[in-house]
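# Report on the structure
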Amino acid sequence: MSAEPSRPTPSTAPRFGVWLIGARGSVATTAIAGCAAVAGGLHPPTGMITETPDFASCGLPPLSSLVFGGHDTVDCPLPKRAEHLAAGGVLPHGLPSAVHAELVAADREIRPGGPLPGDTDGGPGRTDDAWIDAFAADIRDFVRRQDLAGAVVVNVASTEPAPADGSLPPSSLYAAAALRAGCAYVNFTPSTGLHHPALTALAASAGVPYAGRDGKTGQTLLRSVLGPMFAQRALAVRAWSGTNLLGGGDGAALADPAAAAAKNAGKERVLTDTLGAAPEGEVHIDDVPALGDWKTAWDHIAFDGFLGARMVLQTTWQGCDSALAAPLVLDLARLAARAQQRGLTGPLAELGFYFKDPVGDGPASLGEQYAELKRFAGRLRDGGGDPGDTGVRADGRTGGGAAGSEAYGTAPGDRAAEDRGPGDGAAGDRAADGPRHGAGDSGGRR
């Protein structure tokens, strides 16, 4: 592995930024370390759909061209976080030291987030617009200093509860900042983000692509396969119940009933969309700190067969949440960057394969979603904009369109580092036709 802080790339390959909300969390750390490991030939790209033959000639940014930064409220350095993950079996033994330079380089680009839970009126001396302005300035500064062709903002923070009033939660502040900075945006969490009604006009006018929400990594991935199976086989599902046991930051965040409700909304939507109606049953989420970053998901499905014969299917999914999520985060960053480079704007419904609660209109079954994703690959390959347009503006801002001249969307000049606020949060995603479903999933950790 190179001892240099950043890996050299061919001069013909433009570099793209990946700005992570929750940049010091488990998923972000795994994505950054994994990107360096795969780019350096230390590990194969297992789990990365964009590294399969269907995506080989789409013009996606090479992994070696990705530059990482982000916002977070915690101050544990990425190298130390990676060591913790290796001790827990999430990262391979020895990988943190092998990619130490890349982790240090990314850690230097992490800025304080906010507002913190319990802050009122946007935090100490801050209005919502001031937070958005400061976050957007951080992102634009990152793009300029690193001489990037563009950047994608990806929310991988811990789940936040859906707002009980009309205020903008942290996830929505980050989402608005991404669009104000002219960046493509991905919400890998179920948190509100662009689904907030106050941001509908901004999402419609910003002129950038966006996708989400709530990454489909385990239990819901399996549900999106089994639901269509029951429907196509004409078997009547009477009840579908589930339990999630998990630890780490997600387990702690989802111990909040409001955050758990936001998380479960996406799981329930998959069954409603694939079966035609929500079956009886609930999903229970239990925080088990001893499990760390590992998760066990159990489903009990009661269904009727021919002549009313009562039958049951039970499934058990045991996996590492960060290792399941990280390759999808890298996929989405590359796809969104290429979409913006090709001039695509608005909700990227074709990326529904990756999400529990996708923006736009699209199929719900995993097989149909994958077919849509492959068609999207062809769109990136064959058209959708000027292939020579890198999406970078003369003033250093990325993207096209109005970049949000509506409410919350004015793009004033950059803000100095001392104007940045403390804290972190989550982000969200919103289709241009207005909000559809609830929020929640990820904050300093996902």
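Calculation criteria
- Residues numbered from 1 in each chain as written.
- Predicted model: local features only at pLDDT ≥ 70, side-chain atom pairs only at ≥ 80, totals over all residues.
- Heavy atoms only, no water.
- Pairing = 2+ DSSP bridges.
- Helix = DSSP H or I, 4+ residues; strand = E, 2+ residues; numbered from the N terminus.
- Axes fitted to C-alpha atoms, helices over the stretch in contact; angles between N-to-C directions.
- Contact = heavy atoms within 4.5 Å.
- pLDDT = per-residue confidence, 0-100.
- Buried < 20%, exposed > 50% of the residue type's maximum accessible area, 1.4 Å probe, protein only.
- Right-handed = clockwise from strand over helix to strand, strands pointing away.

### Here we look at the sheet that holds strand 9 (residues 294-304)
The four strands lie next to each other as 8-7-9-10, forming an open sheet whose pairing is mixed. Of all the strands in the sheet, just strand 8 (283-287) and strand 10 (310-320) have a single pairing partner and so form its edges. Going from strand to strand, the sheet's axes swing by 10° on average, the running direction of each strand aside. Pairing analysis gives 10 bridges linking strand 7 (residues 236-246) to strand 9, with the strands arranged antiparallel. Each residue of the ladder has a partner; that of tryptophan 240, found in strand 9, is isoleucine 301. Lying over the sheet, helix 8 (residues 219-232) contacts strand 7, strand 8, strand 9 and strand 10, oriented at roughly 170° with respect to strand 7.

### A look at the confidence of the model for the protein
Mean pLDDT for the protein: 83, with 78% of residues reaching 70 or above. Every residue in residues 1-11 scores below 50 in pLDDT, and together they form 24 contacts with partners more than four places removed in sequence or on other chains. In this model residues 385-446 is a low-confidence stretch, pLDDT under 50, and it forms 279 contacts with partners more than four residues away in sequence or in other chains.

### Quick look at the pairing of strand 4 (residues 150-155)
The side chains of a regular strand alternate between the sheet's two faces. The buried fraction of strand 4 amounts to six of the six residues, a majority that puts the element mostly inside the structure. Direction of pairing for strand 1 (residues 16-21) relative to strand 4: parallel, over a ladder of six bridges. The residue bridging glycine 17 from the neighbouring strand is alanine 151, located in strand 4. Across four bridges, the pairing between strand 4 and strand 5 (residues 184-187) is parallel. Paired with asparagine 155 across the two strands is asparagine 187, which belongs to strand 5. Handedness of the crossover joining strand 4 and strand 5 through helix 6 (residues 170-180) is recorded here as right-handed.

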